[in-house]
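# An overview of the molecular structure
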Amino acid sequence: MAPVEVLTLMFAVPIALIGWFGSFFGIMSVREFVKREGGRGAPAGRLWLLTAAAVGAVMLATLRLLASEDVRSSAGWTLYYLLLGYAMAAVGMVCVRLLGVHRADVVERGNRAASMLYFFGIVSTVVAFAGANVGDGPGVQVVHACALVSVGSLWILAFVHTMVAHTSYRILVDRDRGIAFRFGCLLLACALVLGRAVAGDWTGAVQMLADFFPIAWVAPALVVADLVVGRFLLSREPEGSIAADRAAGVMHVAIAIAFVVSLGMPQ
Amino acid sequence: MTTPRLQDAFPAWAPEESRWSAWAKPVMFSYPLPAQRAPLPAWDDTSLQAVQPFGGEAVVVDLPGVESLACGLALARRGFRPIPLFNTTMGEGQELIDIDPILAGLFEGAGVLGGLRLHAEAPPVFLLDAQRLKGTAAPTMFDNRWMVFPQDLPSARMLRAAEIRSVTLVRRGSSMEPDLRGVLRLWRREGLEMRALDVTTGAAQPLAIELSAMLFFLEHIRRLLTGLRKNSSGGFGGTVPVPQATGGGYA
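As the structure is a computational prediction, the values presented were derived from the model and not from experiment. (Residues numbered from 1 in each chain as written. Chains lettered and ligands numbered in written order. Predicted model: local features only at pLDDT ≥ 70, side-chain atom pairs only at ≥ 80, totals over all residues. Heavy atoms only, no water.)

## Section: the interface of chain A and chain B
Between chain A and chain B, the contact holds 27 residues from the first and 32 residues from the second. Put simply, Asp 176 of chain A and Arg 157 of chain B hold a salt bridge, and the shortest N to O gap is 3.0 Å. On inspection of chain A and its partner chain B, the count reaches 11 residue pairs in polar contact (both at pLDDT 80 or more). Looking at the side of chain A that touches chain B, the elements with two or more residues in it are helix H2 (32-38), helix H6 (103-108) and helix H9 (167-172) of chain A. Top contributing element to the side of chain A that touches chain B by residue count: H2 of chain A, with five residues. Of the residues in the side of chain A that touches chain B, the class split is nine nonpolar, three polar and 15 charged. (Contact = heavy atoms within 4.5 Å. Salt bridge = Lys/Arg side-chain N within 4 Å of Asp/Glu carboxyl O. Polar contact = N/O pair within 3.5 Å; in protein donor to acceptor, adjacent residues only side chain to side chain. Helix = DSSP H or I, 4+ residues; strand = E, 2+ residues; numbered from the N terminus. Nonpolar A, V, L, I, M, F, W, Y, C, P; charged D, E, K, R; others polar.)

## Here we look at the packing of helix H1 (residues 3-28) of chain A against helix H5 (residues 75-98) of chain A
Residues and elements named next belong to chain A. Contact geometry for H1 and H5: axes closest at 8 Å, N-to-C directions at 50°. In terms of their interaxial angle, H1 and H5 are classed as oblique. For the pair H1 and H5, the crossing hand works out as left-handed. Residues Glu 5, Thr 8, Leu 9, Ala 12, Val 13, Ile 15, Ala 16, Gly 19, Trp 20 and Ser 23 of H1 lie in contact with H5, whose contacting residues are Trp 77, Tyr 80, Leu 83, Leu 84, Tyr 86, Ala 87, Ala 89, Ala 90 and Met 93. The residue makeup of the contact of H1 with H5, split by class, is 15 nonpolar, three polar and one charged. (Axes fitted to C-alpha atoms, helices over the stretch in contact; angles between N-to-C directions. Parallel < 35°, antiparallel > 145°, perpendicular 65-115°, else oblique. Left-handed = near helix turned anticlockwise from the far one by under 90°.)

## Brief notes about a nonpolar patch on the surface
Residues and elements named next belong to chain A. A surface patch of nonpolar side chains, amounting to about 670 Å² of accessible area, comprises Met 1, Val 6, Leu 7, Met 10, Phe 11, Ile 15 and Val 91. It is H1 that provides the largest number of residues to the nonpolar patch, a total of five residues. Considering the arrangement of structural elements, one finds Val 6 in helix H1. Exposure remark for Val 6: the relative accessible area of 35% places this residue in the partly exposed category. (Patch = residues over 30% accessible without salt bridge, like charges linked within 9 Å, V, L, I, M, F, W, Y side chains within 5 Å. Areas by Shrake-Rupley, 256 points an atom, 1.4 Å probe, with all protein chains shown as cover. Buried < 20%, exposed > 50% of the residue type's maximum accessible area, 1.4 Å probe, protein only.)

## Section: the sheet that holds strand S2 (residues 81-84) of chain B
All names here are of chain B. Read from one edge to the other, the open sheet built from six strands follows the order S2-S3-S1-S5-S6-S7, with strand pairing classed as mixed. The sheet is open, and its two borders are formed by S2 and strand S7 (203-206), each paired with just one other strand. Each strand of the sheet is rotated relative to its neighbour by a mean of 25°, with strand direction disregarded. Alignment of strand S1 (residues 57-63) against strand S3 (residues 124-129), held across five bridges, turns out to be parallel. In the sheet register, Asp 62 faces S3, and the bridge partner there is Leu 128. (Pairing = 2+ DSSP bridges.)

## Digging into the environment of Pro 84 of chain B
All names here are of chain B. Take Pro 84: it is sitting in strand S2. Along the sequence, Pro 84 and Leu 128 sit 44 residues apart, while their C-alpha atoms lie 7.0 Å from each other. When near neighbours in sequence (up to four residues on either side) are disregarded, Pro 84 contacts Trp 13, Trp 23, Ala 24, Lys 25, Phe 29, Leu 106 and Leu 127.

## What to know about the packing of aromatic side chains
Within this structure, the stated rule accounts for 17 aromatic pairs over all chains. Seen in terms of ring centroids, Trp 155 of chain A and Phe 159 of chain A are 5.9 Å apart; in terms of plane orientation they differ by 45°. Their pairing is tilted. In this pair, Trp 155 of chain A and Phe 159 of chain A are both assigned in helix H8 (residues 140-165), four residues apart and thus about one turn of the helix distant. Judged by its relative accessible area of 4%, Trp 155 of chain A falls in the buried class. For the pair Phe 149 of chain B and Phe 236 of chain B, a centre-to-centre distance of 6.3 Å together with 10° between the ring planes defines the contact as stacked. Here Phe 149 of chain B, found in the loop between strand S4 (142-143) and helix H4 (156-161), pairs with Phe 236 of chain B, found in the loop between helix H6 (213-226) and strand S8 (238-239); they are 87 residues apart in sequence, far enough to count as distant. As far as the burial class goes, Phe 149 of chain B and Phe 236 of chain B line up, both buried. Aromatic rings pair up to connect Trp 20, Phe 21, Phe 24, Phe 25, Trp 48 and Tyr 86 of chain A into one cluster. (Phe/Tyr/Trp six-rings, centres within 6.5 Å; stacked < 30°, edge-to-face > 60°.)

Here's what the structure looks like:
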């Protein structure tokens, strides 16, 4: 292992352990009665497991199918980058928290909209990070550079969205599951686009950025489209139909998938 | 004979059929009933004449612990659904807020509510403890002060969806903690009418909320950073640690 890979491991292990075990024990330490009665309809333990499984599935699928040959052929390197994925998911937990989602929202208040944001926020972070693992490169440092661009762009777009449309307020106070699903799907769609925008063989930082923008513009375009759509959907009351929000969310992801597939395999 | 459990009282306060039950705080119901249980104080119903159920009105009661419960039950007799928002715990050391009387009151109140058969669509009356932020914690004490967040109450959109157009704050005098001020400010910003009812006079008048968003935010952050302790088992409460007797460095 190169020094930078050892250093990365030294940071990634505690970040992953603190993030995942901290959130697990945070959920488990809440009294059973409080979890059952306060978290009606939002089983936090299952949410944690589902999120952990989704993160593992995204990373393993990427590493076994799309990563460079030396990672695909080595169980040790696969495990190494899988661990980095869990560490990046822990960073996603921090970003979700910055949007205002706390343990109390998911476990004690039983806010199902907040649970959706927790799941989509973390999984989207890992999808954006997974793109940084696609293709050949000289080492883990290029994964860092690509992840910084893709994950950073994802969360900048998320915070812009929430500032313009008060998305966090709608999810945490209105407990609007429709908006939570639509916004979660938007994050996932943006992550697919941004992940694809940083995917491919590494030929230099300037070239990476030159390849990034011609693809990544679709992500802010999706955000703008969602803000426009949201203006029309927002007028309904919180207990109205959430079918329109669901349809919009699925549409975001479908557009992103179609766009990424149309680009073909990254070079 | 089986010992009554406070947990069994929770369904009376948060029945499945009421949309407001999702906001009832279960944490205090997870504690055992105190051995000594004083009855709730009697409540003079005439002080609440200005509050009418099914008039598109919700109520927030901000009175000291057991008084808040007694007032809530008096409003329940008039057709409101009381929702307890007490979000504190008990633990080792002298508690800053004595919650035993509230636990006993919650148990007694469940019996009262069980006999009322409230309407499923009954408008809510949210019960707070006006003492929730009072007092100063010293080392070894159990600091169980707590605060209310906008997430702990329904949003104005949710209230409007239930045909609620105005909110009455029931309190004594004119004091109001900044946390509640923040919630009411958001409600008013989203179009709900506000008024305050002083239980000492029975007079209701429009409620003025003078606090800028920045001041509210700073006060909120100050409370979070300097005082209150989240409890790992849910709600607020934690023992204040004893400061180190000696400083670091060389002896």
